[in-house]
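The lines below spell out each chain.
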Amino acid sequence: MTKFHRHDNIEGYHNDEILSDLGSVHTHEDNDDSEDSGDDEEQEEPEEIDDDGDGEGLLSYLFDRQFFKQHMTAILVAVIASALSVCHIQSDKDRPFLFAQRKIYERIPIQTKPVHRPTPLKPTETHHHHEYKRTSNLFFCPLLDEDSSVASETSSQRVKRALTMHTLENSLNENDTRNIDQNLQLFQFNFPKEYTDIVNDYYIADSTMDDNYENILSTNAGMTDHPQFHCLIDATMAHQHRSTVPSFGVAYIQPNIRSFYKDEGNVQKASSLSVKSLLETPNAESMEDISPASLTYTGFTAKFINLSTKPMNLYWDGKTKPKFRSRIEPFEAFSTVTTPGNGFYLAPVYDKDHAMERWTMTADEAVVFYDAIENDPDALMGLTHEEKKLYEMQRLNIKYGQDYLVKTQRSWLSMFPRPMQMHYMWNADYFGQEHEVITDQSHFVTLPNDRVGQSRIWRHLDYADYDDMVDKRKRALSEGRDKFLNLKEYRNDGPLKLTLKVISVAPRVFEIDGFLSDSEVGHLLDLARTYNVTETDLKGKKALKKNHGSTNAWIRREMSPIVDAIYHRTADMLKVDESLLRHRNEHEHTELNTHHSIAEALYLTQFVKDQGYIPRSDAVQRSVRNRYQPNRFATIMFFLNTVKEEWGGDTMFPLAVNADRHDGVRVSPKKGKAILFYNMLPDGNVDDLSQHASEFMQDGEKWLGSLFVWDPIID
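Residues numbered from 1 in each chain as written. Predicted model: local features only at pLDDT ≥ 70, side-chain atom pairs only at ≥ 80, totals over all residues. Heavy atoms only, no water.

**Q** Help me get a handle on the side chain of S694, residues and values and all.
**A** For S694, the location among the structural elements is in strand β24 (residues 692–694). For S694, a relative accessible area of 2% corresponds to the buried category. Not counting chain neighbours up to four residues away, the residues in contact with S694 comprise G612, Y613, G649, D650, M652 and K702. (Helix = DSSP H or I, 4+ residues; strand = E, 2+ residues; numbered from the N terminus. Buried < 20%, exposed > 50% of the residue type's maximum accessible area, 1.4 Å probe, protein only. Contact = heavy atoms within 4.5 Å.)

Structural data, given as structure tokens:
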């Protein structure tokens, strides 16, 4: 595969000036000049000093043959090196991407100094979220189900009533617009009374916004006045002879597969969806006979918890020798995708051959732990205040996970307590279901060719620019005019209608045709080819092919108005405030105690022949010390070119539940199309069915953009 490099000075434009405005990047170092370093090791002959004072020493120096021989050789080498560099840059035939890169530099005007902003930045008037409480899913107070007024309520209405009663508000709030999924249910969790102090600490941390638990881990926090905790105390007194008290949690119950198909006596045909070979009519005489297909892929996420005071190393028992997977700090956890029958073990960091605990993994026991304290009274007594708190946090999490598994037949992969998602989640009730979104962020359809126009298209945005755009939108709205649109002259008139079509119910996957215009796709490719920041040469490295592309780039929202519009359009599609998908200035109010964007930089990847990646999960494992327990809530993928069917390159969801196909759901790359899928369930747990893969390319190339959005904050 051709390897290409980025040069610091092409056609007179200075790269560091452009990159300072368009975003920081990390480059793969170019070491092509390292072969010349040996010339410096040669010893020079000592110069002869002219002592007779007649000036002949100077003339002999100027006309010395040895002098000319040495210096003319150096000049000749420099000329040859310069010629080779020019050929290296201008060899368009052998280096097409670099040629495209050079053309981009020719089009980008030299960046000017930052504009002086005479007015201060303005605080936002938008309240982005309901107040975050990690304990909002804990219910210890009676729900009064015997009341006849609630006898006919649905499961989701009961969950909503419990949420409103969390602060002892005894009636439903009709203005509450939170997205309560219809498949959420309350279930009884037998809460161990020995962890009452930990729950008290969680309530204290919520009320004081102790985000890293620094206070509760260092001192005794006192008693909370939260009404739910007082209900817990009352229940403890009422059940003195029991080790547990009844409480309630919220769980997502996956519906029966029959509901995945629209109830009209038949199943939607694959031709009605733009997913290759999605689902054909099951061979069943009635809807009652539909059952999930047996899937070829049997992978699952395994979670390993280290309940000891020492860091441990996790090893996978490979085919020939153990392979290191991760270092797990005391009372922390690590998760990885594996398959049934794989063996893992924990060992001290100083001795990989001394296995402290071994496991042979199965999907039914995907969460395992090593507890060095439970059966050792001396170890328990020797714990510090902080270690005891962390130990009890993880033990409570494990106990909740056991009851959750019984209720849902699904492993608890998050950290208890974990509230429901704060952001909106689209319903996926059946295949082919459609949702419409109207956004004012219309397509860019033309791009300027003149220097001034390009300076506007490639301009780096800052906080003041966003303040200005918000002001203009408000002013246009108050005057009854069309909404303000940045660079309107290059865009379609009127709003843009996006259609989200359900192509998988479990996991929730949607396709959106025409999310990007051709001009926007071209702009992203220009950015990717210009600022290729990670080059992976896979020749001779077959082991790396499974999870690598040839070129990767991280593109931030502020890098250009076009990228900004794509982020804004994505926020509208997700039904979240657009300001949450950018860094906010220090004056902007947020109830999340952070000004960071909840979206990562747009990740652009190029795949060529023999490249792709095996199934993986976008969800992550956060520290037990993090009050927010953030995670990648949603992933949006953008296809930047159409891939021929014979080339491969499909995006696959191998665990997608369906009636016919054994390989799940497949999506063929089509230029401008986007797909949205959720990595979390409505109850706050990780959706392990959201594992996805990229089919290995047989030929050609595939360009893919991925945008990760977090809930409730980014970490």
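Next comes the rest of the write-up.
**Q** So, the packing of aromatic side chains: which residues are in play, and what are the values?
**A** The geometry of an aromatic ring pair is captured by the separation of the ring centres together with the interplanar angle, meaning the angle of the planes. In total, this model carries 27 aromatic pairs according to the counting rule given. Between F304 and F344, the aromatic rings sit 5.0 Å apart at their centres with planes inclined by 50°, giving tilted as the arrangement. Note that F304 is positioned in strand β5 (residues 300–307) and F344 in strand β9 (residues 343–348), a separation of 40 residues in sequence. Like F304, the residue F344 is buried in the burial classification. Relative to F324, the ring of Y315 has its centre 5.8 Å away and its plane inclined at 70°; by these criteria the two rings are edge-to-face. An aromatic cluster is defined as three or more aromatic residues linked by ring pairs; in this entry it consists of F140, F187, F189, F191, Y400, Y404, W412 and F416. Positioned above the aromatic ring of Y424, the side-chain terminus of K575 is 4.3 Å from the ring centre. The ring centre of F708 lies 3.9 Å from the NZ or CZ of R632, which sits over that ring. (Phe/Tyr/Trp six-rings, centres within 6.5 Å; stacked < 30°, edge-to-face > 60°. Lys NZ or Arg CZ within 6 Å of the ring centre and 35° of its normal.)

**Q** Would you mind going over the packing of helix α6 (residues 196–208) against helix α10 (residues 385–408) in detail, with residue names and values included?
**A** Two numbers describe how α6 lies on α10: the axes approach to 10 Å, and their chain directions differ by 100°. Looking at the two axes, α6 sits roughly perpendicular to α10. For the pair formed by α6 and α10, the contact residues are D197, I198, V199, D201 and Y202 on the first element and K389, E392, M393 and L396 on the second. Partitioned by chemical class, the residues of the contact of α6 with α10 number five nonpolar, no polar and four charged. (Axes fitted to C-alpha atoms, helices over the stretch in contact; angles between N-to-C directions. Parallel < 35°, antiparallel > 145°, perpendicular 65-115°, else oblique. Nonpolar A, V, L, I, M, F, W, Y, C, P; charged D, E, K, R; others polar.)

**Q** I'd like a description of the sheet that holds strand β7 (residues 322–328), backed by residues and values.
**A** As summarised here, the arrangement of the four strands in space is β7-β6-β9-β10, forming an open sheet in which the pairing is antiparallel. Two strands lie at the open edges of the sheet, namely β7 and β10 (357–360), each paired on one side alone. Each neighbouring strand pair of the sheet contributes to a mean axis angle of 25°, computed without reference to strand direction. Sheet analysis places β9 next to β10, joined by four bridges and oriented antiparallel. In the strand pairing of β10, G343 is matched with T360. (Pairing = 2+ DSSP bridges.)

**Q** A description of the sheet that holds strand β8 (residues 333–338) should follow, citing residues and the corresponding values.
**A** Ordered by their spatial adjacency, three strands build an open sheet running β8-β5-β11, and the pairing between neighbours is mixed. Since the sheet does not close on itself, it has two edges, and those belong to β8 and β11 (367–371), each with one partner. Neighbouring strand axes in the sheet, compared pairwise and without regard to direction, differ in orientation by 20° on average. As paired elements, β5 and β11 share five bridges and run parallel to each other. Bridge pairing in β11 links L307 to D371.

**Q** Describe the nonpolar core, and please don't skip the residues or the numbers.
**A** F515, L524, M573, I636, F638, L640 and L676 are the most contacted members of the largest nonpolar core, which has 62 residues in total. No other element matches the eight residues that helix α14 (residues 561–574) contributes to this core. Formed by 52 residues, the second largest nonpolar core is a distinct cluster that contains L186, F191, L390 and L681. (Core = buried A, V, L, I, M, F, W, Y, C linked by side-chain atoms within 4.5 Å.)

**Q** Quick one: what's the story with the environment of K483, residue by residue and with numbers?
**A** Mapped onto the fold, K483 is located in the loop between α12 (463–478) and β13 (496–504). In this structure K483 comes out as exposed when scored by relative accessible area, which is 54%. Taking the C-alpha atoms as reference points, K483 and R473, ten residues apart in sequence, are found 5.7 Å from one another. In this structure K483 touches D440 and A476, once residues within four positions along its chain are discounted.

**Q** So what about the side chain of T530? Which residues, and what values?
**A** On the secondary structure map, T530 appears in helix α13 (residues 518–530). On the accessibility criterion, T530 (0% relative accessible area) is buried. A polar side-chain atom of T530 sits 2.6 Å from the main-chain carbonyl oxygen of D526. (Polar contact = N/O pair within 3.5 Å; in protein donor to acceptor, adjacent residues only side chain to side chain.)

**Q** Describe in detail unusual backbone geometry, supporting the description with residues and values.
**A** Cis geometry is adopted by the peptide bond preceding P417, which originates at F416 and carries an omega value of -10°. Positive phi, close to 60°, is recorded for Q409, a residue that is not glycine. Tracing the sequence through the fold places Q409 in the loop between α10 and β12 (434–439). Overall, Q409 belongs to the exposed group, its relative accessible area being 66%. At D610, a residue that is not glycine, the phi angle is positive and equals roughly 70°. Tracing the chain through its elements places D610 in the loop between β18 (602–607) and β19 (612–616).

Don't take any of this as a statement about function, it's just geometry.
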